[in-house]
Each structure stands twice: as structure tokens, then as C-alpha cells.
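Structural overview for review
So you can see what is in the structure, the chains are spelled out below.
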Amino acid sequence: MVYRIEKTTRTVIYLKKAILIRSGSTKNYPIRNIKCTGKEEKINSLREGMHVRLEGMLVLPELPRNPGQFNRRIYESGKKIDFYLENPTVLEVKEQRSGVREVVEIWKTEMMNRCEKIYQDEEAGILEAMLFGEKSELSGDIKELYQAAGISHVLVISGLHISLLALAVAGILRRLGFPMPVWVMLSVGVLAGYGILIGQPTTAVRALLMFFVLQGARLLGRSYDLLSALAFSGILMLLDNPDLILDGGCRLSFCAVIGVGWYVSEKNKIFRSIGEKEKRKNRGKGGKGSSAGAILENIRAGWYLWLFTLPVMLDTFYQVSVVGILWNLVAIPLLPVIIASGGLGVVLAGWNIFLGSLAGSPAYGMLQLYQEIGNISEKLPVGMWTPGQPSKPVIAGYYLVIFLLVLVEKQLIKREKRWKIRKIYVMNPIRFTNIRRNEVKSKILCSDVRSAMQGTGKELYLATPQQIVQRAAMVLQDVHYVIEAEFEMTDRAAPSDNPGKFQDIVTRRMSRGQCFHTPYLGCREFPAAFRTWPGGPIPTIEETRDLGFMIYDFDYTDPQNITPMYFHAKLEHGVLNVADCEVYR
């Protein structure tokens, strides 16, 4: 069955559910997909949805003859194309109409005709590739310009395009006042229809599956995890086509999501300090944003994305654009405007060409900027870096190092949320007791360590019997508290982080008595047992007293000068309210 047709200098027909019948044999061999190329008049008259019987020479897509040459066989296998049929002859045609397919094709053709009416040939070809996945009108010169600038990914309908469309559709439906289940289902339907329209390329399928998981989580009231959704979509895609594991575009798509969603969204500490200081300054000035902080964040995102996709780029293409890191800081933020302006212009052109041209003029101007970026990149002496194809052990070692860095960062720096204690309920009467503890009165000095390193013979040890002293302490006895607290998301939270996710984690861990560090009351010698409060009224003591100044928290704004903060504690009928207390430094 014909499922796709491309017409350039010659007609290219894509067949699916194909059956091979060898001459002189009655045995049938099922084949996934076949790509047919020919100039016969009957070939040009074929339409999508037709069932055909063809005769011709069946050949395999060619393998690269030189290192670094494009591997067409891997590329085609990623699209389920196993063979080429050269110079086919049409033997039989069966018309089989599909109402949905015909409507989609007619609508797509109409939209592309409108695009060609309001834009010049080059800009129309670029927008047809961006909006509809149609590259037949995209010239080779434009492709080379975008590749030189390292922004050729904008010419492919990728996860970024799908994400922008998904956010726009969901936002519009939500603002129209639809109930949550209704706008979720409608947005899924719109995105599924768009996927059919553009021919379901690999990167778009990945983004669509992740969007469906997101909306499904909303319907079920569950938290959405980006990496789990990515793994789920990858498993489904590999079950459908295992050859995708070798496809460069598929690997780049998944590596880009991992790099942005895991490495960038966790906001690794390597490049964080400047941005955090800038944010603290802005909060001190009333919370106004800073363009310097935004620029730094974009540079960091582009840098991480480049680092995470670098091995795959080199393994697939043997070269990578060096200036692409900088040009993407301009290209990616402008892409939503281009898609919105171009799409609106195409829609309005159905009523009035002038209105369509006016709405699409921002897209035209930005596409001109893209071409100018490409022209500049071609003239640069060092635009492309060509180190060759890295070996598989080198690629594995590269990602192992990144994985270890991220793993360490995730364990040591978890600040997606900030806890706020609201009230402390005192359930047992306040009683004190005196205890004596043995402590070491001194510690090994840094100067002693340096002396030992220089070979002075300085001994690095403490004789415990000689250093022990007894210290008396008055401590609370038989304490029993109920702590009422809440948390808020911080600016370090990843896009996949949400309050529901952390509420589930906290509830599960407290019900099981799990914790990363055992909590303690003042000193580690006094560990605290904990559990969730089962509910109902809290039986506090009937006591009201002024407890004086107590430690509230520490201010870590300046790591070189950590400052303690205090509050005036007052117990009211057994309840210590710290929600709106005044803090002193």
C-alpha cells in the first residue's frame, strides 16, 4: 500500500505492508517498507492509500564506501525501509479510499499552497519543513547554510516543535474554560492528528509519546517524571522498530532530552555559583529578573546540550559545529516565534492574503536572520570541528564520567524543595535532667598536617586518655513532639518536579521509617524516632511560657560568613508557632 509520496525531479513512492514474490516462485516474503523511485507516468499518477503491484529490481540501500560517508542503510532501516525498488513498472492498481487520510492530505496540501502564496520560495520551503515535515521544496543550499551554523535541527520537526505545539494547545484549551479531563483529551487528540499529518518522524513520535504520558498522569492524578516517560517511549519505539537503536537522529533526540531534562534541569553546581549570586542580588532588589542571569542560564543549557550530544554527533557525522553553541542561543529562543507567526500566517491566508502576510512577517524576518547566521558561519575559519569517529570505549568512558558527575551531584545537592516548619506541638510535660559526657578537648591542627607532609616528623594522633574531659549538660527528658510543616518548590526544581511527586515520596518514606540521615534532637547522641501523625486532635500540654531566644536557622548566602538566625519563642497552650515569627540576626 502507498503510504507516502515525494515529488521532486522524480517521484518517490513509499510502500508498506509489502509482499515480495520472486519470479518463478509462488512463495511470498513479507517486507516491512519499500522505497520506489521512477519516472514512469503511472508512477506519477499514484496516490496515497492505493494498493499496487509493481515489478522491478530490488536492491539494498548502499553502505558507506569511505569513513565518515553517510550510511544510508542504517538511515533507511530507522524508517523501516528494507529495500529500494529501482525502475518499477506498475502492473496493477487498486483504489482504496480512506476518508481520514484523504482529509489530512487535502488539508496539508491546502496549507502548503497558502504558505507558498505569502512567502518566497526559500522561506516557503523552510516553513513547510518546520510546520509540516515536507522537505521536497527545501533547497540544498539552505541545508548547507543551516548545517554550517549548527542549527539544522530547526528544519526537522522534533521534540522541540511538538513541545511548543503541545503547550500552546493545552494552554488555549485551558483558558477557554474546559474542565481538566476535557482539555487533556482534546490536546491529546490534536497532537495525535498532527503526528499523522507530518508522517510520524522518529523524533516527533518520541515527543508525542512523552506528551501522552504527561496528560495520562494528569488524568490519573499522578506525578510525571521526565526520565521515566522517556524510557517508556524508548521501549515502545524499540519494540516497534529495533533498528532505531542505530539511527543517529533517534539517538540524538534521546540524548538531547536526557541532557536537558536530567543534567540541565538538575542545575549542576559546576556553573551555578555566578547565577545564584545574581539571583540573590535580584531578590534583595525586590525580586526583579536579571538579563545577565537569563543569558547565563541559556549559555549553560546550550553548553550542557552540546556536551551530552557530542559523542553521538561525532559517531554519526564525524564532525560537529563549534559555533553552533553560540548560534543556538539565538536560534532556539526565536523558534517558537517563527512557528507561531508562520502557522498563524498560513491559517489567516485562507481568508485574506494580506492578513496572512502581515501575521507571517515576523517569521520571514527571523528566517532571514537564520540565513545571515549561516552565511557568517560559512566564512568563519573554524566553523566545523572534524576529529573523526571516536571508538566505542571512548564514548562509553565519556558518558560514564558524566553519569558519575550527575550521580554525585544528585546525592550531594538536592534543593528542589525547601521545608518550612509552621508549628511544633509539645505533648509531654517539659522536664530537664543533668548528664555528663566524655569529650575530647582538642583536635589535630592544619598546621600539624602541613608539617607532617613536609617531613618534619610531626606525629598526627590524639592520645584519648590524655585529652578526655567531662562536660555537664542540662537536656530535655522524655520529649514528644508533633511537627507541622510544609514545603515549597525552589528555582532549582527540574521541569519534571512537582509538589505531588515529593508529597508521595515523603509520605511513603515516613510510613516506612526511611530516611537519608537519622534525625536527631540537638546532638547526634540523641536520635529521634519518627512517624506520620495518624490524624485527629493533638493532645498538647496546657502550658504557656516565654522560652526566650532560640536558634531559627543559618544563613548560607555567603559561604565564607555563615550567620545564625534567632527568633523569640513563645509557647501558647503547648503550641510553638514559628510560621510568622520575627527573625533576628
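Shown above is the structure to which this text applies.
One structure accompanies this document, and this report is about it. (Residues numbered from 1 in each chain as written. Predicted model: local features only at pLDDT ≥ 70, side-chain atom pairs only at ≥ 80, totals over all residues. Heavy atoms only, no water.)

**What to know about the overall build of the protein**
As a reminder of what qualifies: Helix and strand assignments come from DSSP, with helices taken as H or I runs of at least 4 residues and strands as E runs of at least 2, each series counted from the N terminus. Buried, partly exposed and exposed residues are distinguished by accessible area as a fraction of the type maximum, computed with a 1.4 Å probe on protein chains only: under 20%, between the cut-offs, and over 50%, respectively. When checking whether two residues touch, look at their non-hydrogen atoms; a contact exists if any pair is within 4.5 Å. Calculation of accessible area relied on Shrake-Rupley with a 1.4 Å probe; when residues are assessed, cover is drawn exclusively from the protein chains displayed.
Counting secondary structure elements, the protein contains 18 helices and 15 strands. The burial tally for the protein puts 33% of its 585 residues in the buried class. Residue pairs in contact within the protein that sit at least 24 positions apart in sequence constitute 69% of those at least 6 positions apart. Summed over its atoms, the accessible surface of the protein is roughly 35500 Å², and 58% of this surface lies on carbon and sulfur atoms.

**Details of a negative patch on the surface**
Formally: Only residues whose relative accessible area exceeds 30% and that take part in no salt bridge are eligible for patches, with like-charged residues grouped when within 9 Å of each other and nonpolar side chains (Val, Leu, Ile, Met, Phe, Trp, Tyr) grouped when within 5 Å. By definition, a salt bridge exists where a carboxyl oxygen of Asp or Glu is found within 4 Å of a side-chain nitrogen of Lys or Arg. Counted charges follow a simple rule, with Lys and Arg positive, Asp and Glu negative, and His plus the chain ends left uncounted. The location of each charge is read from NZ of Lys, CZ of Arg, CG of Asp or CD of Glu.
A contiguous patch of negative charge, built from Glu 116, Asp 121, Glu 122, Glu 137, Asp 141, Glu 144 and Glu 378, is present on the exposed surface. For the negative patch, the elements supplying multiple residues, two or more each, are α4 (121-132) and α5 (140-149). For Glu 122, the location among the structural elements is in helix α4.

**Side note on the packing of helix α7 (residues 180-197) against helix α8 (residues 202-220)**
What counts here: Fitted lines through C-alpha atoms serve as axes, helices being fitted only where they are in contact, and the angles separating the N-to-C directions of these axes extend from 0 to 180 degrees. Here is the rule for angles: anything less than 35 degrees is roughly parallel, anything more than 145 is roughly antiparallel, 65 through 115 is roughly perpendicular, and the remaining ranges are oblique. Residues are sorted three ways: Asp, Glu, Lys and Arg are charged, Ala, Val, Leu, Ile, Met, Phe, Trp, Tyr, Cys and Pro are nonpolar, and all the rest, Gly among them, are polar.
In contact at an axis separation of 10 Å, α7 and α8 are set at 170° when each is read in the N-to-C sense. Taken together, the axes of α7 and α8 are roughly antiparallel relative to one another. Listed contacts from α8 to Met 180, Pro 181, Trp 183, Val 184, Met 185, Ser 187, Val 188, Leu 191, Ala 192 and Gly 195 of α7 are Leu 208, Phe 211, Phe 212, Gln 215, Arg 218 and Leu 219. Classifying every residue of the contact of α7 with α8 gives twelve nonpolar, three polar and one charged.

**Quick notes on the nonpolar core**
Note the following rule: Note on terminology: a nonpolar core comprises buried Ala, Val, Leu, Ile, Met, Phe, Trp, Tyr and Cys residues joined through side-chain atoms within 4.5 Å.
Met 130, Tyr 146, Ile 162 and Tyr 370 are the most contacted members of the largest nonpolar core, which has 50 residues in total. Those residues in contact with Ile 162 that lie beyond four places of it in its chain are Ile 157, Leu 191, Tyr 194, Ile 198, Ala 204, Ala 207 and Leu 208.

**Examining the pattern of salt bridges**
By the definition in use, this model includes 17 salt bridges. Across the pair Arg 422 and Glu 486 runs a salt bridge, and its minimum N-O distance is 3.4 Å. Here Arg 422, found in strand β8 (residues 417-426), pairs with Glu 486, found in strand β11 (residues 481-489); they are 64 residues apart in sequence, far enough to count as distant. Given the relative accessible area of 39%, Glu 486 is considered partly exposed. Across the pair Glu 439 and Arg 471 runs a salt bridge, and its minimum N-O distance is 2.7 Å. With Glu 439 in strand β9 (residues 432-440) and Arg 471 in strand β10 (residues 468-476), this residue pair connects regions lying 32 residues apart in the sequence. For Glu 439, a relative accessible area of 26% corresponds to the partly exposed category. Relative accessible area serves as the criterion here: at 40%, Arg 471 is assigned to the partly exposed category. By sharing partners, the salt bridges in this structure join Lys 35, Arg 72, Glu 76 and Lys 79 into a single network.

**Focus: a nonpolar patch on the surface**
Together, Ile 421, Phe 432, Met 474, Leu 476, Val 479, Tyr 481, Ile 483 and Leu 521 give the surface a local cluster of nonpolar side chains, amounting to about 730 Å² of exposed area. Among the secondary structure elements, those contributing two or more residues to the nonpolar patch are β10 and β11. A relative accessible area of 40% means that Leu 521 is categorised as partly exposed.

**Remarks on the packing of aromatic side chains**
Note the threshold: Stacked, edge-to-face and tilted labels apply to pairs of Phe, Tyr and Trp rings (six-membered ring for Trp) whose centres lie within 6.5 Å, assigned for plane angles under 30 degrees, over 60, and everything in between, in that order. Over a ring means this: the NZ of a Lys or the CZ of an Arg is within 6 Å of the ring centre and within 35 degrees of the ring normal.
A full pass over the atoms with the stated rule returns eight aromatic pairs. Between Trp 419 and Phe 487, the aromatic rings sit 5.2 Å apart at their centres with planes inclined by 70°, giving edge-to-face as the arrangement. One end of the pair, Trp 419, is in strand β8; the other, Phe 487, is in strand β11, with 68 residues separating them in the sequence. For the pair Tyr 552 and Phe 567, a centre-to-centre distance of 5.8 Å together with 70° between the ring planes defines the contact as edge-to-face. Residue Tyr 552 is found in strand β12 (residues 545-555), and its partner Phe 567 is found in strand β13 (residues 563-572); the two are separated by 15 residues along the sequence. Cluster of aromatic residues (ring-pair linked, three or more members): Phe 308, Tyr 398 and Tyr 399. Directly above the ring of Trp 183 sits Arg 174, whose terminal nitrogen or CZ lies 5.0 Å from the centroid.

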